[in-house]
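Residues per chain, in single letters:
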Protein chains: 2
Amino acid sequence: MKNKTIILKSRPNGVPTKNNFQFTETPMPELQQGEVLLKALYISVDPYMRGRMSDAKSYVAPYEVGKPILGGVVAEVVESKQESFRKGAVVVGTLPWQQYTIHDVRGLHAVDPEVAPLSYHLGILGMPGQTAYFGLLHIGQPKPGETVVVSGAAGAVGTVVGQIAKLKGCRVVGIAGSDEKVSYLKNELGFDEAINYKTTTDINQAVSAACPDGVDVYFDNVGGAISDAVLLALNKFGRIAICGQISFYNNTVPATGMRVEPILLRKSALMKGFIVSDYASEFGAAAKELATWLKEGKLQYRETVKEGFDQIPEAFIGLFTGENTGKQLVKVGEREG
Amino acid sequence: MKNKTIILKSRPNGVPTKNNFQFTETPMPELQQGEVLLKALYISVDPYMRGRMSDAKSYVAPYEVGKPILGGVVAEVVESKQESFRKGAVVVGTLPWQQYTIHDVRGLHAVDPEVAPLSYHLGILGMPGQTAYFGLLHIGQPKPGETVVVSGAAGAVGTVVGQIAKLKGCRVVGIAGSDEKVSYLKNELGFDEAINYKTTTDINQAVSAACPDGVDVYFDNVGGAISDAVLLALNKFGRIAICGQISFYNNTVPATGMRVEPILLRKSALMKGFIVSDYASEFGAAAKELATWLKEGKLQYRETVKEGFDQIPEAFIGLFTGENTGKQLVKVGEREG
């Protein structure tokens, strides 16, 4: 059986390129007692993975050069020597970018194919949806009538942040990088305002105009000049959830820029970084609430799906050039069972 | 009666100079029903007052040019046409830099001369002590065995921060600007380590060496390169209370420097600005606990007192050149009653 794997060939310097990735073929060892053979169906590409490609100390261990890249995968159990995951079951877990994987089932979660399309477990019901949920509700603590701004608004996390904020009765402003995304946010997801930062000549002025009552909560996916503009409009007792700093992931030296401490001081404001695993003990409750909102039609969800295992590097690189609207996925296999 | 006042002659550009202040003599109007005549005994000079001398938007209204400067003052009621404050009573409040003031008693608090020396109500039992209390305990939330770092450690706030952190069972590291201060922190106040940032060639290395288990709580009075060094040693789930940014008060343009957001993200860390008035509803309880610790000998307290009304501008300017150890005050009058 041919089995393609993508390994990290070299660490990116700046924005990743195809040369950082290498396709190899790995032999398939025999299935042992307690193991399952998984067939990858959907592979997730996420901005945080860029961080793991550097060898800088971070919140997750760096990928090793010469080893497979790991990420969120929805897979089907196509052979099983393990009692709790039978053949035909669908699971989600952190797995290599690889067509078939033998796994001892630690860290795998079964997925109910009836609740939602399988791919949703890599998006709105999975890591990105939960990231939006905890960052907004636990750190941002939005109150009805407050103004919530989200950057990277058209991405997998941002789209959920804005919609939950609307559910909570807030004025919601999104910042994104194309007119198509702006239109999607305003016309399909119900954002009150959206800013295309690429065509805005004065981002500070644009944020002020979109937030006439100032900013109470900022969900930050990007960092940099966009975030500075939002911070300059922050209200007293504002809350900032630092979810991503995509503008710095490709930096080769420590980033410098506007000091935020004087603003936090003047505004008695709170800024907190987080990673979704900080809230692991509450994943179950969050998934349940997200699924309920989805079923009630209170959350819209959109994916960008590339087809074919060979498309994974391109899909990943596209995250940093603003190609995707909503969650970026790659469909790599058909379900058999 | 001659009555000297200090007015803001011009807004400082950078570090304040004597030319920014002007001594004037004001006539004393007749005391009306409901008013008291106050004689200033101790006048407080504090770093935050530099912020009010700028006309930049801030958390407190700027001082007006040509008007008296306001700050914390302990005063004696020397005449009274007001029932609740009798002649001879001692009060603390926000009052002009002026020898005698007529006041309608709003915002004045009576002080018990038996509890502690009168001047303590401008320091450890007053605004600086309460600032230390709320910033450390509410934002920092130190746990036994954790490492707490405080910058501006020998100042009116920093000395209380470090001592409360010791009370809570923490390893305490202070950063200050002279060997005398370092010795005071370690030998008199019981800090575990103290760093003289002025003689340290590598502040990053000095912080690492003083904090072998990393930094869990940082109480930031200064900002800038010192704070960057502490942040680089921050542990996962670290908490940073932004109390002051004295290195930026004299800035004439918005400050730039190391981006803290990527660190907060990697460490799931919290950073929060505050001003003591955010906690106004809890002042009573805090004052009571501070007074108890003081009486039990668990808190040491030191003042630097200049003598004479004419010394106020110099005492204030000295805050920015590192002259004071502990709380800086000016004694401007003797108690009569």
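Reading the values: the criteria
- Residues numbered from 1 in each chain as written.
- Chains lettered and ligands numbered in written order.
- Predicted model: local features only at pLDDT ≥ 70, side-chain atom pairs only at ≥ 80, totals over all residues.
- Heavy atoms only, no water.
- Helix = DSSP H or I, 4+ residues; strand = E, 2+ residues; numbered from the N terminus.
- Rg over C-alpha atoms; globule rule 2.2 N^0.38 Å.
- Buried < 20%, exposed > 50% of the residue type's maximum accessible area, 1.4 Å probe, protein only.
- Contact = heavy atoms within 4.5 Å.
- Lys, Arg positive; Asp, Glu negative; His and termini not counted.
- Charge placed at Lys NZ, Arg CZ, Asp CG, Glu CD.
- Least-squares fit on C-alpha atoms with pLDDT ≥ 70 in both.
- Pairing = 2+ DSSP bridges.
- Axes fitted to C-alpha atoms, helices over the stretch in contact; angles between N-to-C directions.
- Buried area = accessible area lost by both parts, 1.4 Å probe.
- Salt bridge = Lys/Arg side-chain N within 4 Å of Asp/Glu carboxyl O.
- Polar contact = N/O pair within 3.5 Å; in protein donor to acceptor, adjacent residues only side chain to side chain.
- Nonpolar A, V, L, I, M, F, W, Y, C, P; charged D, E, K, R; others polar.
- Domains from an automatic or database assignment.
- Parallel < 35°, antiparallel > 145°, perpendicular 65-115°, else oblique.
- Left-handed = near helix turned anticlockwise from the far one by under 90°.
- Disulfide = S-S within 2.5 Å.
- Phe/Tyr/Trp six-rings, centres within 6.5 Å; stacked < 30°, edge-to-face > 60°.

Novice: Describe the overall build of chain A, naming the residues involved and giving the relevant values.
Specialist: Along chain A, the regular secondary structure elements total 10 helices and 16 strands. For 337 residues, the compact-globule estimate of 2.2 N^0.38 gives 20 Å, and the C-alpha radius of gyration of chain A, at 20 Å, lies within 12% of that figure. Expressed along its principal axes, the backbone C-alpha trace of chain A runs to roughly 65 × 45 × 35 Å. Here chain A holds 337 residues, and the buried ones make up 57% of them. Of the contacts formed within chain A by residues at least 6 apart in sequence, a portion of 68% connects residues at least 24 apart. Of the side chains in chain A, 35 bear a positive and 35 a negative charge, and the two mean positions are spaced by 3 Å.

Novice: Describe the relation of the copies chain A and chain B, with residues and values.
Specialist: Mapping chain A onto chain B is achieved by rotating through 180° and translating by 0.0 Å along the same axis, at an RMSD of 0.1 Å. Such a combination of turn and shift is consistent with a two-fold rotation axis. When the interface residues of chain A are mapped onto chain B, 100% of them are again interface residues, pointing to one common binding face.

Novice: Can you break down the sheet that holds strand β14 (residues 270–273) of chain B residue by residue, with the values?
Specialist: Judged by pairing direction, the sheet is mixed, and its 12 strands sit side by side in the order β10(A)-β9(A)-β8(A)-β11(A)-β12(A)-β14(A)-β14(B)-β12(B)-β11(B)-β8(B)-β9(B)-β10(B) without closing on themselves. Because the sheet does not close on itself, it has two edges, and the strands there are β10 (193–196) of chain A together with β10 (193–196) of chain B. For this sheet, the mean inter-axis angle between neighbouring strands, taken without regard to orientation, is 15°.

Novice: Report on the interface of chain A and chain B, specifying residues and quantitative values.
Specialist: Taken together, the contact pairs 34 residues of chain A with 34 residues of chain B. Counting the surface lost from both chain A and chain B, the interface buries some 2,900 Å², and carbon and sulfur atoms represent 60% of this. On the chain A side of the interface with chain B, the three residues burying the most area are Arg259, Glu261 and Leu265 of chain A, jointly 26% of the side's total. Summed over the shared surface of chain A and chain B, the number is four salt bridges. Two residues, Lys236 of chain B and Asp278 of chain A, come together in a salt bridge whose shortest N-O distance is 3.4 Å. The tally of links between chain A and chain B comes to 14 residue pairs in polar contact (both at pLDDT 80 or more). Mapped by element, the contributors of at least two residues to the side of chain A that touches chain B are α6 (225–232), β12 (234–242), α7 (246–249), β13 (256–258), α8 (261–267) and β14 (270–273) of chain A. A per-element tally of the side of chain A that touches chain B places α8 of chain A first, with five residues. Tallied by class, the residues present in the side of chain A that touches chain B amount to 18 nonpolar, eight polar and eight charged. Relative to β14 of chain B, β14 of chain A runs antiparallel, the two being bridged by three bridges. Following the sheet pairing, Lys272 of chain A is matched in β14 of chain B by Leu270 of chain B.

Novice: Describe in detail the domain arrangement of chain A, supporting the description with residues and values.
Specialist: Residue and element names in this part refer to chain A. Its domain assignment divides chain A into domain 1 (4–123 + 302–331) and domain 2 (127–278). Centre-to-centre separation of domain 1 and domain 2, based on C-alpha positions: 28 Å. Contacts between the two partners involve 21 residues from domain 1, matched on the other side by 16 residues from domain 2. Note on domain 1 versus domain 2: buried area summed over both sides is about 1,500 Å², and carbon and sulfur give 55% of it. On inspection of domain 1 and its partner domain 2, the count reaches two salt bridges. Between Glu188 and Arg302 there is a salt bridge whose closest N-O contact spans 3.4 Å. Along the contact surface separating domain 1 from domain 2 lie six residue pairs in polar contact (both at pLDDT 80 or more). Among the residues forming the side of domain 1 that touches domain 2, the class breakdown is nine nonpolar, eight polar and four charged.

Novice: Help me get a handle on the packing of helix α2 (residues 127–140) of chain A against helix α9 (residues 283–295) of chain A, residues and values and all.
Specialist: All names here are of chain A. Two elements in contact, α2 and α9, have axes separated by 10 Å at closest approach and are oriented at 100°. The pairing of α2 with α9 is recorded here as roughly perpendicular in orientation. Here Gly129, Gln130, Tyr133 and Phe134 of α2 come into contact with α9, specifically with Phe283, Ala286, Ala287, Glu289, Leu290 and Trp293. Here the residues of the contact of α2 with α9 sort into seven nonpolar, two polar and one charged.

Novice: Describe in detail the pattern of salt bridges, supporting the description with residues and values.
Specialist: If charged atoms from side chains of opposite charge come close, those side chains can pair. One pass over the structure, following the stated rule, counts 32 salt bridges over all chains. Close ionic contact of Lys67 of chain A with Glu64 of chain A constitutes a salt bridge, the shortest N to O distance being 3.4 Å. The salt bridge involving Lys327 of chain B is made with Asp46 of chain B; its shortest N-O contact spans 2.6 Å. Placement of the pair is Lys327 of chain B in strand β16 (residues 327–331) and Asp46 of chain B in the loop between β3 (36–44) and α1 (48–52), with a sequence separation of 281 residues. Look at Lys327 of chain B and you get buried, because its relative accessible area is 1%. On the accessibility criterion, Asp46 of chain B (5% relative accessible area) is buried. Through salt bridges with shared partners, a single network forms among Glu180, Glu188 and Arg302 of chain A.

Novice: Can you tell me about the pairing of strand β4 (residues 70–80) of chain A, naming the residues and giving the values?
Specialist: Residue and element names in this part refer to chain A. Counting buried residues in β4 gives eight out of 11 residues, a clear majority hidden from the surface. Taken together, the seven bridges between strand β3 (residues 36–44) and β4 define a ladder with antiparallel strand orientation. Paired with Ile43 across the bridge in β4 is Val73. Summarising the sheet, β4 and strand β5 (residues 90–96) pair through seven bridges and their orientation is antiparallel. In the sheet register, Leu70 faces β5, and the bridge partner there is Pro96.

Novice: Run through the packing of helix α2 (residues 127–140) of chain B against helix α3 (residues 158–167) of chain B, naming residues and quoting values.
Specialist: All names here are of chain B. Where α2 contacts α3, the axes come no closer than 8 Å and their chain directions differ by 50°. If you check the angle between α2 and α3, you find them oblique. Between α2 and α3 the crossing geometry is right-handed. Contacts between α2 and α3 involve Gly129, Ala132, Tyr133, Leu136 and Leu137 from the first element and Val160, Val161, Ile164 and Ala165 from the second. A per-class count over the contact of α2 with α3 returns eight nonpolar, one polar and no charged.

Novice: Which residues make up the state of the cysteines, and what values do they have?
Specialist: Per the counting criterion, the structure on display carries zero disulfides over all chains. There is no disulfide at Cys170 of chain B, and the cysteine sulfur nearest it, in Cys211 of chain B, is 12 Å away.

Novice: Lay out helix α3 (residues 158–167) of chain A in plain terms, naming residues and giving numbers.
Specialist: Residue and element names in this part refer to chain A. Extensive coverage of α3 is indicated by the burial of eight of its 10 residues. For α3, every residue scored as buried is listed here: Gly158, Thr159, Val160, Val161, Gly162, Gln163, Ile164 and Ala165. Packed against the buried residues of α3 are α2, β8 (147–151), β9 (171–176), α4 (179–188), β11 (215–220) and α9.

Novice: Would you mind going over the packing of aromatic side chains in detail, with residue names and values included?
Specialist: Evaluation of the coordinates by the stated rule reveals 24 aromatic pairs over all chains. On the numbers, 6.2 Å between centres and 80° between planes, the contact of Phe219 of chain B with Phe274 of chain B is edge-to-face. Within this pair, whereas Phe219 of chain B is found in strand β11 (residues 215–220), its partner Phe274 of chain B is found in the loop between β14 and α9 (283–295), the two being separated by 55 residues in sequence. Taken together, the ring pairs in this structure connect Tyr133, Phe134, Phe219, Phe274, Tyr279, Phe283 and Trp293 of chain A into an aromatic cluster.

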